[in-house]
Protein chains: 2
Amino acid sequence: MLGIMQDWPLTVNKILEHANRINPTREIITRRVEGNIVRTTYADLFKQSKQVSNALVDGGIKLGDRVATLGWNSERHMASWYGAMGIGAVLHTINPRLHPEQIAWIANHAEDKVLIFDKTFLPIVEAIKDHLQTVETFVIYADADTMPENNLGAVPFDIWIDGRSTNVRWGDFPEDTACGLCYTSGTTGDPKGVLYSHRSNVLHTMITMQRDAIGMGANDSVLPVVPMFHANAWGLALSCPAVGSNMVMPGAQMDGASIYELLDTEKVTITAAVPTVWLMLLNHLQENDLKLPHLEKVIIGGSAVPERILRAFEEDYEVDVVHAWGMTETSPLGTLGTLPPHMMDADIDTRMEQKLKQGRPPFGVELKIVNDEGEDLPNDGETSGRLVVRGAAIAAGYFKGVGGNVLDDNGFFDTGDVANIDEYGTMTITDRAKDVIKSGGEWISSIDIENIAVGHPKVANAAAIGIYHPKWDERPLLVVQPAPGETPSKEDVLAQLEGKIAKWWTPDDVVFVDEIPLGATGKINKLALRNQFKDYKLPTA
Amino acid sequence: MLGIMQDWPLTVNKILEHANRINPTREIITRRVEGNIVRTTYADLFKQSKQVSNALVDGGIKLGDRVATLGWNSERHMASWYGAMGIGAVLHTINPRLHPEQIAWIANHAEDKVLIFDKTFLPIVEAIKDHLQTVETFVIYADADTMPENNLGAVPFDIWIDGRSTNVRWGDFPEDTACGLCYTSGTTGDPKGVLYSHRSNVLHTMITMQRDAIGMGANDSVLPVVPMFHANAWGLALSCPAVGSNMVMPGAQMDGASIYELLDTEKVTITAAVPTVWLMLLNHLQENDLKLPHLEKVIIGGSAVPERILRAFEEDYEVDVVHAWGMTETSPLGTLGTLPPHMMDADIDTRMEQKLKQGRPPFGVELKIVNDEGEDLPNDGETSGRLVVRGAAIAAGYFKGVGGNVLDDNGFFDTGDVANIDEYGTMTITDRAKDVIKSGGEWISSIDIENIAVGHPKVANAAAIGIYHPKWDERPLLVVQPAPGETPSKEDVLAQLEGKIAKWWTPDDVVFVDEIPLGATGKINKLALRNQFKDYKLPTA
Ligand SMILES: Nc1ncnc2c1ncn2[C@@H]1O[C@H](COP(=O)(O)OP(=O)(O)OP(=O)(O)O)[C@@H](O)[C@H]1O
Ligand SMILES: Nc1ncnc2c1ncn2[C@@H]1O[C@H](COP(=O)(O)OP(=O)(O)OP(=O)(O)O)[C@@H](O)[C@H]1O
Ligand SMILES: [Mg+2]
Ligand SMILES: [Mg+2]
């Protein structure tokens, strides 16, 4: 027997329709690439998005066609999303920080028909133009006055949509229709395309609106520093309009001074970004003796939150840090580190220790850890295993079947991360499966070693990798990038680790490099590093 | 093209599974009908619910079979819900405040196979026993010691589940499978059955978890005074486990002293009930000079919030009042009166005026007003029309097809309420369509008149109804129930209205009665009242 309830397909157009009806005057405040600040409302965004839809329809775009963007966070980028998604086209965000060659590869793989981009990326697009096999239309986020010369035959975005009708049908398709396409960061290999559905995007939105997840309301002002091309700005491009919070869009300027200015003038209450952004902000605050009186909550994820960032926000600026873990394949939010009830009265050190962990899954996400045979491991906060995930907004595979079947018999997706989980569901990432160091049959967590090593003032960055060892199979080598102007010694670094890790985890050697290679989302490129040290011989070997 | 995302059916068993995994030690604190307080956890509830499932399966209950409860809010009632719903049986909550005859009629209409009930209702069940055509099993919320004598062959709940396996498959069916059955209050006619699906219940849960809706988190303690048999305790039986908040269950005792005791000892942060409950609590607080230091938010709905209740909570006790509107057919939450951004800095009187309105729909609910021809009316905060609603958790019809097709061409459901909506979506109920007084072709809002009249200290309750008038078709008659010991005059009452309503809305007469008839959910029974005064001749006629 079926329930007798309305059929109300979960399609993302309903989000902006709701914002337009209920919060029409709430604002999107954008810093343009030209530097000036532009204010628009959800009512404006609704109209502009409808005009984008008509521009696409008139350009021959149909249900399922891919429309790509190479764009900073801005109200025009938002209009491109809703305009494309509303008519059932697939909005494909491309990460402009990838190598131009990789951008072309991804655009061809996705078979993008339209490419809409910020002026900043014109040189890239012009450079790869001849390699783009499917793009027919180029649109640049500009008006007649700010439009750059180009050899692409591109149209300025504002003129592309100007004067178009706002009359177009949105959302008249099943909720599992494809909606968005986003490739993974490519940290562990070639980027793979994750194809979100309308349903998964709407459910991810509802998941993140929970109070213990992001929990914003109409009265919040939210600054997504995390880019819309990086796993959907952690869903904020959907969840903010859903509740009607103001959005403050930083455009191309993510340095400490620029972000501070927006936090301050726009009285931002919630913001989100990867750790490196916060390092820049914190430096700026300290150097200029500034405070953050309006900011209530900062969501930090994408890689582990370093303790000094956590402590600075919590102790110096009284901002609640919510550590988040997720991946492109999880839409992306998987866990959030809001303090659980049993920790509310703990002392500060215990609370900070808890907040360094990656957090707990909200309703809608199921996590567990398994061994190499796929058997469940206990949630005891100690045992590490492969982290697998199941839920309302989790990938079931990759675009065009790349990678084949990625779900186990129970429908769980293997994250490629190694973690432990405690009895309250708090998850701690200890490594990536590919980066784990296997010494004498036991696992050494490269991330633990790195987190401690970067606590040394003379260390800017550190990476632990497994190097061949005749007796132990692998032993850790620690690669260190010194802080500017510093020359730490091997002994300095090993002393930093002493007592904080098991003795047998101590790296067999420490080497110093000018720069540790990073990927397009700022994560350490261990693939490159392992390649660089593939012939390295440990002194103990 | 479809997205490549996991298939994760929205079934309510996932809610309790999540609570069991992530918040196993959070508590359900119940006041038993015997008066004592019992504490259990979500981990306990999970086990007990599984045992209920096995008791039902062993009793021959199958997918789609109806399992009825006549129960106060308690952890055993919760276990009955999840136990039945988990295996795809339909949990049917019956309102014990209905006439026994009506209870029997509803149980027969629903074809309930099992009836699980609180001891309080044994006399009712024994009285109707011979009229119950389908019930095969009677279970009483009791253990061996507290089990009452009965002639039903009933089993005590604790013994019914004792020792049973917790191994049973939950949720292995499509998400639009029927999940719960609840009949409307019967204010305007015979109660009609609303058949919730798993999907609609889960989506309603996610809707209400939004910060500007109820927005509870794991750290909250929530006291649902609103009964589980009254439109699903406004979803709290599902949303609290979903986030892991403590639940404080008042059992049969909803008087001011008992509710205060629980609010205080359990440090309740969020509570919810109809206005009459709060009148009793406020009297108790005033008489005993008590405060509410822990309570942050009170959700009030089911009928309009009187200004004195609103002001007392907000001004005397610093508790945030959230006025809510909903109906059985909307699962039930449709609007919530969290202050919108443009009201945050308004003066207190403006804010209180806003909070007396029924509130704004959260994402997931669409509201509009239409005229009798079904044409859209403007959202100008002035124009009144029939309120129609569409959304993720809104009924599409009634059990067994009663009432036929209830959706218009665009899929909207006619609520039977008359309302206006302002430009920010704030909805104000002005009447029920059936209660509207039509004078000279124009509408007079009976609710407005009543709300003002009850503001008079000598008035306990008031009801305005339309009486036949030869010239105007209908004119308002105001029926007044005096406050205990008071004898207000017609002039007292009319003076109270003067200047606060349009002159032509002034009732043509005021009559006094010992008691205004109420229905099973405490609402004025205007059907009965109109019947009582059907031959009344107005002095102006
Ligand atoms: N809070 C966090 N702490 C530690 N690691 C994190 C955190 N958040 C995200 N990560 C890491 O980032 C990964 C997800 O990143 P993303 O989806 O952007 O691409 P990627 O995994 O880096 O690239 P690829 O899958 O192509 O190799 C997670 O699997 C995890 O390893
Ligand atoms: N905050 C509120 N202010 C005014 N009226 C309200 C409010 N909340 C609910 N109501 C009224 O209660 C109705 C829903 O009540 P419910 O579903 O319990 O049954 P009923 O409508 O009273 O009974 P029936 O549909 O059988 O006649 C709404 O349609 C509305 O008229
Ligand atoms: Mg990855
Ligand atoms: Mg009704």
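Note that the structure is a prediction, hence the values are computed from the model and not measured.

Examining the site of ligand 2
Residues and elements named next belong to chain B.
- Taken together, 20 residues lie around ligand 2, and Gly186, Thr187, Thr188, Asp417 and Lys523 are the ones closest in.
- Between an oxygen atom of ligand 2 and a side-chain N or O atom of Thr187, the distance comes to 2.4 Å.
- Arg432 is positioned with one of its side-chain polar atoms (N or O) 2.9 Å from an oxygen atom of ligand 2.
- Against a free-state accessible area of 630 Å², the protein chains account for coverage of 96% of ligand 2.
- Grouping the amino acids of the shell around ligand 2 by side-chain chemistry returns four nonpolar, twelve polar and four charged.

So, the pattern of salt bridges
- Tallied over the entire structure, the rule returns 55 salt bridges over all chains.
- For Glu266(A), the salt bridge is made with Arg39(A), and the minimal N-O distance between the two is 2.9 Å. Taken together, the residues span a long stretch of sequence, with Glu266(A) in the loop between helix 9 (256-265) and strand 12 (270-273) and Arg39(A) in strand 2 (residues 37-41) at a distance of 227 residues.
- A relative accessible area of 14% means that Glu266(A) is categorised as buried.
- Judged by its relative accessible area of 43%, Arg39(A) is partly exposed.
- For the salt bridge of Lys400(B) with Glu111(B), the shortest nitrogen-to-oxygen distance reads 2.6 Å. Of this pair, Lys400(B) sits in the loop between strand 17 (385-391) and strand 18 (413-421) while Glu111(B) sits in the loop between helix 4 (100-110) and strand 5 (112-117), and the two are 289 residues apart along the sequence.
- Overall, the relative accessible area of 43% leaves Lys400(B) in the partly exposed class.
- Residues participating in the shared-partner salt-bridge network are Glu175(A), Arg199(A), Glu175(B) and Arg199(B).

Structural notes on the interface of chain A and chain B
- Between chain A and chain B, the residue contacts involve 76 residues of the former and 76 residues of the latter.
- Together chain A and chain B conceal approximately 6,100 Å² of surface at their shared face, both sides included; 59% is due to carbon and sulfur atoms.
- Contact with chain B buries area across many residues of chain A, yet Met1(A), Gln6(A) and Phe363(A) alone supply 15% of it, more than any other trio.
- Here chain A and chain B share four salt bridges between them.

Side note on the UniProt feature "domain: AMP-binding enzyme C-terminal" (unreviewed entry) in chain A
- In this numbering, the UniProt entry assigns the feature "domain: AMP-binding enzyme C-terminal" (unreviewed entry) to residues 449-523 of chain A.
- For the annotated span residues 449-523 of chain A, helix accounts for 17% and strand for 33% of the residues, and the straight-line distance between the end C-alpha atoms is 16 Å.

Some details on the pairing of strand 19 (residues 427-432) of chain B
Residue and element names in this part refer to chain B.
- Of all six residues in strand 19, five are buried; the element is thus mostly enclosed.
- Judged from the five bridges that link them, strand 18 and strand 19 form a sheet pairing that is antiparallel. Across the sheet, the residue bridging to Val418 is Asp431, located in strand 19.
- Once strand 18 ends, the chain turns through five residues before running back antiparallel as strand 19, passing Gly425 with a positive phi of about 80°.

Describing the packing of helix 1 (residues 13-22) of chain B against helix 8 (residues 236-243) of chain B
Residue and element names in this part refer to chain B.
- Their axes nearest at 7 Å, the elements helix 1 and helix 8 cross at an angle of 35°. Considering only the axes of helix 1 and helix 8, their crossing is left-handed. In this structure, helix 1 contributes Ile15, His18 and Ala19 to the contact, and helix 8 contributes Leu238, Pro241 and Ala242.
- Residue composition of the contact of helix 1 with helix 8, by class: five nonpolar, one polar and no charged.

Details of the side chain of Arg32(A)
Residues and elements named next belong to chain A.
- Residue position: Arg32 is located in the loop between strand 1 (27-31) and strand 2.
- Residue Arg32 is classed as buried on the basis of its relative accessible area of 14%.
- A polar contact is formed between the side chain of Arg32 and the side chain of Glu75, at a distance of 2.7 Å.
- What Arg32 contacts, discounting residues up to four positions off in sequence, is Val38, Glu75 and Arg76.

Quick notes on the side chain of Thr177(B)
- Checked against the element boundaries, Thr177(B) lands in the loop between helix 6 (157-161) and strand 8 (178-183).
- You can call Thr177(B) buried: its relative accessible area is 3%.
- Setting aside chain neighbours within four positions, we find Thr177(B) in contact with Met1(A), Leu2(A), Gly3(A), Leu63(B), Tyr196(B), Ser197(B) and His198(B).

Re the domain arrangement of chain A
All names here are of chain A.
- Entries for chain A in the domain assignment read domain 1 (10-24 + 41-197), domain 2 (209-363), domain 3 (365-433) and domain 4 (435-532).
- If you average the C-alpha positions of domain 2 and of domain 3, the two centres end up 24 Å apart.
- At the junction of the two partners, domain 2 supplies 17 residues and domain 3 supplies 17 residues.
- Taken as a group, Trp325, Glu329 and Gln358 account for 35% of the area that domain 2 buries against domain 3, more than any other trio of residues on that side.
- Connecting domain 2 to domain 3 are ten residue pairs in polar contact (both at pLDDT 80 or more).
- It is strand 15 (residues 333-336) that contributes the most residues to the side of domain 2 that touches domain 3, three residues altogether.
- Split into classes, the residues belonging to the side of domain 2 that touches domain 3 amount to six nonpolar, eight polar and three charged.

Here is what the cut-offs are and how they apply
Residues numbered from 1 in each chain as written. Chains lettered and ligands numbered in written order. Predicted model: local features only at pLDDT ≥ 70, side-chain atom pairs only at ≥ 80, totals over all residues. Heavy atoms only, no water. Near = heavy atom within 4 Å. Polar contact = N/O pair within 3.5 Å; in protein donor to acceptor, adjacent residues only side chain to side chain. Areas by Shrake-Rupley, 256 points an atom, 1.4 Å probe, with all protein chains shown as cover. Nonpolar A, V, L, I, M, F, W, Y, C, P; charged D, E, K, R; others polar. Salt bridge = Lys/Arg side-chain N within 4 Å of Asp/Glu carboxyl O. Helix = DSSP H or I, 4+ residues; strand = E, 2+ residues; numbered from the N terminus. Buried < 20%, exposed > 50% of the residue type's maximum accessible area, 1.4 Å probe, protein only. Contact = heavy atoms within 4.5 Å. Buried area = accessible area lost by both parts, 1.4 Å probe. UniProt positions renumbered as here; feature names shortened; annotations may be inferred. Pairing = 2+ DSSP bridges. Axes fitted to C-alpha atoms, helices over the stretch in contact; angles between N-to-C directions. Left-handed = near helix turned anticlockwise from the far one by under 90°. Domains from an automatic or database assignment.

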